[in-house]
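The residues making up each chain are set out below.
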Amino acid sequence: MVNEKTGRLATLALERSPWRSARWLVIAPHADDETLGAGALIHQASEAERLAGVVILTDGAGSHDHPDLASRARLVRTRRLEAGRAVRRLAGDGAAPPVFLDWPDAQPASAGSMMFEASARRLAALCRERRVDAIAVTGPDDPHCDHQAAAQLARRAAGMARRPVAVFDYIVWGAAPSETKLRITTRPLRAGLRAYALSAHQSQLTPMLGPGFRLETQRRLQAASDTLYRRDAYG
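Now for a description of the structure that goes with this document. (Residues numbered from 1 in each chain as written. Predicted model: local features only at pLDDT ≥ 70, side-chain atom pairs only at ≥ 80, totals over all residues. Heavy atoms only, no water.)

## Quick look at the overall build of the chain
At step 1: Scanning the chain from terminus to terminus reveals six helices and eight strands.
At step 2: The N-to-C order of helical and strand elements in the chain reads β-β-α-β-α-β-α-β-α-β-β-α-α-β.
At step 3: For the chain, whose C-alpha radius of gyration is 17 Å, the value lies close to the compact-globule estimate of 18 Å for 235 residues.
At step 4: Along the three orthogonal principal directions, the C-alpha set of the chain runs to about 60 × 40 × 35 Å.
At step 5: Counting all 235 residues of the chain, 51% fall into the buried class. (Helix = DSSP H or I, 4+ residues; strand = E, 2+ residues; numbered from the N terminus. Rg over C-alpha atoms; globule rule 2.2 N^0.38 Å. Buried < 20%, exposed > 50% of the residue type's maximum accessible area, 1.4 Å probe, protein only.)

## Observations regarding helix H4 (residues 145-160)
At step 1: Compared with the 22 Å implied by 1.5 Å per residue over 16 residues, the 23 Å span of H4 between its first and last C-alpha is a close match.
At step 2: For H4, the complete set of buried residues consists of Asp146, His147, Ala149, Ala150, Ala151, Leu153, Ala154, Ala157 and Ala158.
At step 3: Just downstream of H4, Arg162 is the residue with a positive phi angle, here 60°. (Expected span 1.5 Å × (residues − 1).)

## Some thoughts on the side chain of Gln204
At step 1: Mapped onto the elements of the fold, Gln204 is located in helix H6 (residues 202-205).
At step 2: For Gln204, the residues in contact, after removing those within four places along its chain, are Asp32, Ser63, His64, Arg79, Phe213, Arg214 and Leu215. (Contact = heavy atoms within 4.5 Å.)

## Examining the layout of surface pockets
At step 1: Computed from the structure, the largest pocket encloses a volume of approximately 220 Å³.
At step 2: As for the largest pocket, its lining consists of 15 residues, and the residues nearest its centre are His30, Arg79, His144, Gln204 and Phe213.
At step 3: Of the residues belonging to the lining of the largest pocket, the class tally is four nonpolar, six polar and five charged. (1 Å grid on protein atoms, 1.4 Å probe; cavity = no way out; pocket = protein on both sides within 12 Å on 5 of 7 lines; lining within 4 Å. Points joined across faces, edges and corners; volume = space filled by probe spheres on them. Nonpolar A, V, L, I, M, F, W, Y, C, P; charged D, E, K, R; others polar.)

## Considerations on the environment of Asp142
At step 1: By the element assignment, Asp142 lies in the loop between strand E5 (134-138) and H4.
At step 2: For Asp142 and Val172, which are 30 residues apart along the polypeptide, the C-alpha to C-alpha distance reads 7.9 Å.
At step 3: Filtering out sequence-adjacent residues up to four positions away, Asp142 remains in contact with His147, Gln148, Val172, Trp173 and Gly174.

## Let's talk about empty space enclosed by the protein
At step 1: This structure, assessed with the given rule, holds one cavity of 30 Å³ or more.
At step 2: In this structure, the largest cavity encloses a volume near 50 Å³.
At step 3: What lines the largest cavity is Ala31, Ile56, Thr58, Asp59, Gly60, Val76, Arg79, Arg80, Phe100 and Asp102.
At step 4: Elements that contribute at least two residues to the lining of the largest cavity include exactly strand E3 (51-58), helix H2 (69-91) and strand E4 (99-103).
At step 5: Element by element, the count of residues in the lining of the largest cavity is highest for H2, at three residues.
At step 6: Partitioned by chemical class, the residues of the lining of the largest cavity number four nonpolar, two polar and four charged.

In structure tokens form, the structure reads like this:
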């Protein structure tokens, strides 16, 4: 929403926005993105009993090299457990476990492919089953290919859901989008909660599984609130 007096995009608090009663589905390209980019949304929606669930797009196997199939399977299993633990820390012990789509890391399915369409149908069904009103997902301008693919997939699923589902972007690695119609912000998380949830992802923060990807230490120090951007329509 643009302020008529200033011509600037206004920021609305989630609890005062048209989406204050929405049921939210959070889509994260990788396990840890849910905490980095949407941890405050997950917490606030869960407190209001408006969290429909968390979906993790990729299997997580690309963060480390694998000497054999057993090593790969161990990493995938570890990252699933970590994601579940992080969601519980944000949303409470009664939170539904994340849904995993198991796309290969950094090899996203192309729009229109069998894998892409099957995943979109699965998410559309989830939107119907869990009465989803809004999806939060990484933006199409994010520099990582998996984050861009997640944005595409969310919009495809929303269009197939057979119910009104708005799509909002959240930021992990990229910059805030310049073209948006609505911007909303969550309540601040209590001090230390995002870092506590992120600490569940030990495979990404420590050498527990050997050489591999490491989250930068400063990525733990995110803003207390999440900002969500809607591009396609006014609220």
